[in-house]
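Overview (structure and organization)
Chain by chain, the residues run as shown.
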Amino acid sequence: MKLNRLRNLAMILMFSAFIVMYLSSFSTLSPAKAILLPIGLSVGTLILLLSVAIYFRLGVISMRLPQVRCPHCERITKMMGASDGCMFCKKALRLDVDEEGDYIALKA
Ligand SMILES: [Zn+2]
């Protein structure tokens, strides 16, 4: 669930970058505010690069996260850290290791 939350954050950042760049394009309507255009475009581009970096990093992290079966809804979910929520039913889970050394999720 933490993974989904971070993905949502990256998506919100991406949209806010578009909004910043779009709004700054209106600044050319008056010469006094024209200076805002390059500033808005630069800030928007930086936010966009940041969210792309977050997406890229999350993709790498997501590959390494242990996949476990949720004891509540029986679906396969990924856990980030020792305690996390199920990605589907959002119930709290605790990461543990069984006798064979495999990761399992327990009800928290
Ligand atoms: Zn679940």
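Bear in mind that the values here come from a model prediction, so they are computed numbers and not experimental data. Residue positions are counted from 1 within each chain, in the order its sequence is given. pLDDT decides what is reported in this predicted model: residues at 70 or higher carry local features, side-chain atom pairs at 80 or more are listed and counted, and totals for whole chains, interfaces and linings draw on all residues regardless.

Secondary structure is summarised from DSSP: a helix means a run of H or I of at least four residues, a strand means a run of E of at least two, and numbering begins at the N terminus for each. Scanning the protein for helices and strands turns up two helices and five strands. Sequence-ordered secondary structure for the protein, helices as α and strands as β, is α-α-β-β-β-β-β. For the protein, whose C-alpha radius of gyration is 20 Å, the value lies well above the compact-globule estimate of 13 Å for 108 residues. For the C-alpha atoms alone, the extent of the protein along its principal axes is close to 70 × 20 × 15 Å. Counting the 108 residues in the protein, one finds 9% classified as buried. In this description, any two residues whose backbone-derived C-beta atoms lie within 7 Å of each other are considered to be in contact. Excluding contacts between residues fewer than 6 apart, the proportion of contacts in the protein whose partners are at least 24 apart in sequence is 39%. Each radius of gyration reported is based on C-alpha atoms, and the globular scaling rule is 2.2 Å times the count of residues to the power 0.38. The burial criterion counts other C-beta atoms lying within 10 Å of a residue's C-beta, which is placed from the backbone; the residue is buried at 20 or more, exposed at 12 or fewer, and partly exposed between these limits.

Between any two strands, pairing holds if DSSP finds at least two bridges. Across five bridges, the pairing between strand S4 (residues 92-97) and strand S5 (residues 103-107) is antiparallel. For valine 97, the partnering residue across the bridge sits in S5 and is tyrosine 103. Where S4 hands over to S5, the hairpin turn is made up of five residues, of which glycine 101 adopts a positive phi near 85°.

Domain limits in this description derive from either an automatic procedure or a database domain assignment. Domain parsing of the protein yields domain 1 (2-64) and domain 2 (67-107). Between domain 1 and domain 2, the C-alpha centre-to-centre distance is 33 Å. Contacts between domain 1 and domain 2 engage four residues on the former and five residues on the latter. The greatest single-element share of the side of domain 1 that touches domain 2, amounting to three residues, is contributed by helix H1 (residues 2-25). For the side of domain 1 that touches domain 2, a count of residues per class yields one nonpolar, two polar and one charged. Note on residue classes: Ala, Val, Leu, Ile, Met, Phe, Trp, Tyr, Cys and Pro are nonpolar, Asp, Glu, Lys and Arg are charged, and everything else, Gly too, is polar.

Next up on the list: the sheet that holds strand S3 (residues 83-85). Pairing is antiparallel in the open sheet, where three strands are placed in the order S3-S4-S5. Here the strands that pair on one side only, and so sit at the sheet edges, are S3 and S5. Strand after strand, the sheet turns through a mean of 40° between neighbouring axes, direction not considered. To get an axis, fit a line to the C-alpha atoms, keeping to the stretch in contact for a helix; angles then go from 0 to 180 degrees between the N-to-C directions.

With that settled, the discussion passes to the environment of proline 66. Relative to the helices and strands, proline 66 is located in the loop between helix H2 (36-64) and strand S1 (67-69). Its 14 C-beta neighbours within 10 Å are what place proline 66 among the partly exposed residues. Distance from proline 66 to glycine 44, taken between C-alpha atoms, is 35 Å for residues 22 residues apart in sequence. Apart from the residues lying within four places of it in its own chain, the contact partners of proline 66 are Met79, Leu95 and Tyr103.

Turning our attention to the pairing of S4. The sheet contact formed by S3 and S4 spans three bridges and is antiparallel. Paired with glycine 85 across the strands is alanine 92, a residue of S4. Counted between consecutive antiparallel strands, the loop separating S3 from S4 contains six residues, among which lysine 90 sits at a positive phi close to 65°.

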